[in-house]
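Secondary and tertiary structure notes
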Amino acid sequence: MEHLEKIWNELLKWLQSIAPNIIGAILILVIGWWLSSLLSKYLRKAMSKGKVDAGIVSFVYSITKNALRIVVLISTAAKLGVNVTSIIAALGAASVAVGLALKDSMSNVASGVLIIVNKLFHIGDYLEIEDLQGTVTKIEMMTTTLNTIDNKTITIPNSTLTSSNIINYTSQKTRRLDLTYGVGYESDLIEVKNLLRQLVETNQKIHLDPAPVIAVGEFQDSCIQMVIKVWCDCDDYWPLYYEMQESVKMLFDAHHISIPYPQTDVHLKSNADTPSSVLSKEKNP
């Protein structure tokens, strides 16, 4: 009995010595688990408000939640006195090996995260990347998909997007349309400007604020260049462009305003002083 009592007392002492660590480990596990879920949900909500593709939202949410929970588990084990150095070293070595084997893929994944976090563009935006143009239809883990105007599909690695200059034509609600038209040097510039101003002010697609700009641009070889700069909604940009091209031509025709084009004049000159050929006779020996 004395031996059993001694064992029991030793067990109680041991439990008393590790009790703070056990309580601390339980608190780390419970609170850390709860915080990892809360932060992951907050990130998913923020990404959903940013109109990020649902597949990307789900992927990033899963990766974030699992990564945070791994950190919580390692912290819990460390609090219980487990030597986590070897575990971390093994995970690090495995990460390096996987990273080297999948270097390009990991670069695309990291670039995809940057695109989402920094909100470089959204689904539905019209982009120009180098010589490629199209509307964003999908933002996936490793690639982004564009659809061109003539319905071609372009798949671009995410790392290419983050390392290239991107022009986003639809990130703003409005866009400026710049047009130039040539008129003859004999034209009345005041009349031309007034006619163009009337055309601009009566077009419902054109915004009057900021005020349209109608001015003389450059003096070129065969014409005077007239400049029109107007603002419109992004969706009206191309319809307005084609409409203005037709309207200006009809306007100039109606008011007999010439639209010069390059010409080459060839002048033929006759020379009466051209010497006649002289015939020489040879004498026979």
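Refer to the preceding data block for the structure.
So, a few notes on the structure that sits alongside this text. Model, not experiment: these values are computed from the prediction. (Residues numbered from 1 in each chain as written. Predicted model: local features only at pLDDT ≥ 70, side-chain atom pairs only at ≥ 80, totals over all residues. Heavy atoms only, no water.)

To continue, consider the overall build of the chain. When helices and strands are tallied, the chain shows 7 helices and 8 strands. Split into buried and exposed, the 285 residues of the chain put 27% on the buried side. The long-range share in the chain, meaning contacts at least 24 apart out of those at least 6 apart in sequence, stands at 64%. (Helix = DSSP H or I, 4+ residues; strand = E, 2+ residues; numbered from the N terminus. Buried < 20%, exposed > 50% of the residue type's maximum accessible area, 1.4 Å probe, protein only. Contact = heavy atoms within 4.5 Å.)

What follows is about unusual backbone geometry. Look at the link from Asp209 to Pro210: it is a cis peptide, with omega at 5 degrees. With respect to the helices and strands, Pro210 occurs in the loop between helix 6 (189–201) and strand 7 (213–219). Phi angles above zero are rare outside glycine, and Asn151 is one such case at about 65 degrees. One can find Asn151 in the loop between strand 3 (143–147) and strand 4 (153–157). The phi dihedral of His256 falls on the positive side, at around 55 degrees, and the residue is not glycine. On the secondary structure map, His256 appears in the segment after helix 7 (237–254).

What follows is about the nonpolar core. General note: in soluble globular proteins, nonpolar side chains tend to be found buried as a group. In this structure, Leu196, Ile228, Met244 and Phe252 are the most contacted members of the largest nonpolar core, which totals 23 residues. Contributing elements (two or more residues each) for this core: strand 6 (174–183), helix 6, strand 8 (224–233) and helix 7. The element contributing the most residues to this core is helix 7, with 6 residues. Contact partners of Leu196, with chain neighbours within four places excluded, come to Ile214, Met226, Ile228, Val248, Leu251 and Phe252. (Core = buried A, V, L, I, M, F, W, Y, C linked by side-chain atoms within 4.5 Å.)

Applying the stated criterion to the full structure yields 5 salt bridges. Notably, a salt bridge pairs Lys229 with Asp178, separated by 3.8 Å at the nearest N-O pair. You can see Lys229 sitting in strand 8 and its partner Asp178 sitting in strand 6, a full 51 residues away along the chain. Here Lys229 falls in the partly exposed class, since its relative accessible area comes to 27%. Residue class for Asp178 comes out partly exposed when judged on its relative accessible area of 37%. Lys205 is paired through a salt bridge with Glu243; the nearest N and O atoms lie 3.1 Å apart. Note that Lys205 is positioned in the loop between helix 6 and strand 7 and Glu243 in helix 7, a separation of 38 residues in sequence. Owing to a relative accessible area of 26%, Lys205 belongs among the partly exposed residues under this scheme. (Salt bridge = Lys/Arg side-chain N within 4 Å of Asp/Glu carboxyl O.)

Right, let's talk about the state of the cysteines for a bit. Disulfides are covalent bonds that connect the sulfur atoms of two cysteines. The full count for this structure, using the stated rule, is 0 disulfides. Not part of a disulfide, Cys234 finds its nearest cysteine sulfur in Cys232, a span of 7.3 Å. (Disulfide = S-S within 2.5 Å.)

Turning our eyes to something else, we now look at the sheet that holds strand 8. Sheet strands associate in pairs through backbone hydrogen bonding, adopting either a parallel or an antiparallel arrangement. Pairing is antiparallel in the open sheet, where 3 strands are placed in the order 6-8-7. Taken across any chain shown, the strands that pair with only one partner, and hence form the sheet edges, are strand 6 and strand 7. Going across the sheet, the axis of each strand differs from the next one's by a mean of 25 degrees, ignoring polarity. Where strand 6 and strand 8 come together, 10 bridges link them in antiparallel fashion. Along strand 8, the bridge assignment pairs Asp178 with Lys229. Helix-sheet contacts for helix 6 involve strand 6, strand 7 and strand 8, and the interaxial angle to strand 8 is about 15 degrees. Against the sheet, helix 7 makes contact with strand 6 and strand 8, and its axis sits at roughly 25 degrees relative to strand 6, the strand it touches most. (Pairing = 2+ DSSP bridges. Axes fitted to C-alpha atoms, helices over the stretch in contact; angles between N-to-C directions.)

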